[in-house]
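Inside the fold
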Amino acid sequence: MSLKDKNILLGISGGIAAYKIPILIRLLKKQGANVRVVVTEAATRFVTELTLSTLSQEPVCKDIFPDSFSTRDDWTRHISMGEWADAYAIAPATANTIAKLTAGVCDDMLSASFITLRPNKPRLIFPAMDGEMFSSASVQRNLSWLSQNGCTIINPESGDLASGQCGKGRMPEPEAIANIIDEAVKDKSHDSKLCGKSVVITAGPTREKIDDVRFISNYSSGKMGFALAAAAVARGAGVTLITGPVHLPTPDGVDRLDVESTEEMDLAAKQHYRSCDIFIGAAAVADYRPANHVAGKIKKNSKTMEINLVRNPDVLTGFSKQKTLHQLAVGFCLETEGNLQNAREKLTQKKLDLVAYNTFDGKTSGFEVDTNILTLIDKNLEIHELPLLSKKEAAERMLNVIEELISSDKKTSDE
Ligand code: CTP
């Protein structure tokens, strides 16, 4: 029973399917979950706060500014709710609420708690509405955006609708919703081949100093490396994340080492060569650094200026060249206009077990954005083509392939 002692936040928006939620609360409570409920104003037209509060044994939250403030927590509840939840299920999710979640509007408790939910927690969206509304271009566009940005969309079922018509739009029954939530919060670490493995991940950009106030760097945000770190910890791995300067919170359970230059990253990585089982180079490492770092600030005394650059050490290759048979090296190959052949060459040149060919289009794939398009090539030259995914989902798929490699290596060594 994965739900035991899990904190489940239920967000109810104003659709007729809200009548099913009291039953869902009972099912979740029966399985030992702690349940808190947030409602929109419209939801209270379909189900009363009294019913929801009685069954969840918690006060129901609706307004960001409640009528009275008895404790400090009363006006920061949208933050504490998001921090408290192990999973957030929004059921039913109306077209209006879906649009708000997509746009980042947070004018009520339901939408504000959605934004404050910890990044690695499941966000489950159960759209329920009339069939025509569900298939409308705007709802489909919004659902597709949410799906690409870390939410799981549970498509409605077909059947009788409140409009009297028959079509797609019915929210699943409470038993099915409880099962989906149960699956989402399940601790998958015991089944994972990564459980107990030591994983080192480099992430973010590096900065190469020109003088004391300027540097050479790139647009890497670190999101892909951080997503891999969070996903690997969830599978029971011990994760060391060596990161260049980024603006991201450290995923729970990850051991983070902050570095600035490539040489610092290389030094930190070397400390883990022996102990790590899997090394993932997700950092966008600067290939060159200024030959001389000028103390102070360079003055503009001439019309042109030259900076002499020297090659940086290759952090990933440093690891892969000396790794033992049981260690895995994984790298990325970012291309603006290249093709898979470059990635295949990188796999061989850098002695990798897996390379992620990363399309860079500046909009949906590459630096800074939350989505990515990867094609994975493993050491057996098997190709795993992934569609446009959130970086979170792309990280999960990469780890699945890494787990397959661990299994096949084990089989080979057992034979
Ligand atoms: N890498 C590294 N240290 C470097 C350069 C790259 O660890 N000094 C790692 C990156 O983290 C990534 C992979 O190697 O996993 C990328 O290799 P790289 O040769 O830099 O590839 P691209 O930049 O994609 O290709 P190129 O420079 O050949 O255009």
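That block above? That's the structure.
Definitions and cut-offs
- Residues numbered from 1 in each chain as written.
- Predicted model: local features only at pLDDT ≥ 70, side-chain atom pairs only at ≥ 80, totals over all residues.
- Heavy atoms only, no water.
- Helix = DSSP H or I, 4+ residues; strand = E, 2+ residues; numbered from the N terminus.
- Buried < 20%, exposed > 50% of the residue type's maximum accessible area, 1.4 Å probe, protein only.
- Near = heavy atom within 4 Å.
- Polar contact = N/O pair within 3.5 Å; in protein donor to acceptor, adjacent residues only side chain to side chain.
- Areas by Shrake-Rupley, 256 points an atom, 1.4 Å probe, with all protein chains shown as cover.
- Salt bridge = Lys/Arg side-chain N within 4 Å of Asp/Glu carboxyl O.

Structurally, G225 is set in helix 9 (residues 223-234). Taking the relative accessible area as the measure of exposure, G225 reaches 2% and is therefore buried. When the C-alpha atoms of G225 and I280 are compared, they prove to be 8.3 Å apart, with 55 residues separating the residues in sequence.

Attention now moves to the site of the ligand. If you check the shell around the ligand, you find 14 residues, and the closest are G281, A283, L316, K346 and K350. A distance of 3.4 Å separates a nitrogen atom of the ligand from a polar side-chain atom of D314. Within the contact set of the ligand, an oxygen atom lies 3.2 Å away from a backbone nitrogen or oxygen of L334. For the ligand, the accessible surface in isolation is 580 Å², of which the surrounding protein chains cover 74%. Residue assignment for the shell around the ligand shows that the elements contributing at least two residues are helix 11 (315-322) and strand 16 (328-335). The element that contributes the greatest number of residues to the shell around the ligand is strand 16, accounting for four residues.

Further remarks concern the environment of V315. Here V315 lies in helix 11. For V315, a relative accessible area of 4% translates into the label buried. Taking the C-alpha atoms as reference, V315 lies 7.3 Å from M265; in sequence the two are 50 residues apart.

On to the pattern of salt bridges, then. Applying the stated criterion across every chain yields a total of 22 salt bridges. Measuring nitrogen to oxygen at the nearest pair gives 3.9 Å for the salt bridge that ties K121 to D86. Of the two residues, K121 is situated in the loop between helix 5 (109-116) and strand 4 (123-127) and D86 in the loop between helix 3 (77-84) and strand 3 (87-93); the sequence distance between them amounts to 35 residues. Neither K121 nor D86 differs from the other in exposure class; each is buried.

What follows concerns unusual backbone geometry. A91 connects to P92 through a cis peptide bond whose omega is -10 degrees. With respect to the helices, strands and loops of the structure, P92 is situated in strand 3. A positive phi angle is found at D5, which is not glycine, with a value near 65 degrees. For D5, the location among the structural elements is in the segment before strand 1 (7-12). A residue is classified by how much of its surface remains accessible, and D5, at 53% relative accessible area, is exposed. The phi torsion at K351 lies on the positive side, around 55 degrees, for a residue other than glycine. With respect to the secondary-structure elements, K351 resides in the loop between helix 12 (340-349) and strand 17 (354-359).

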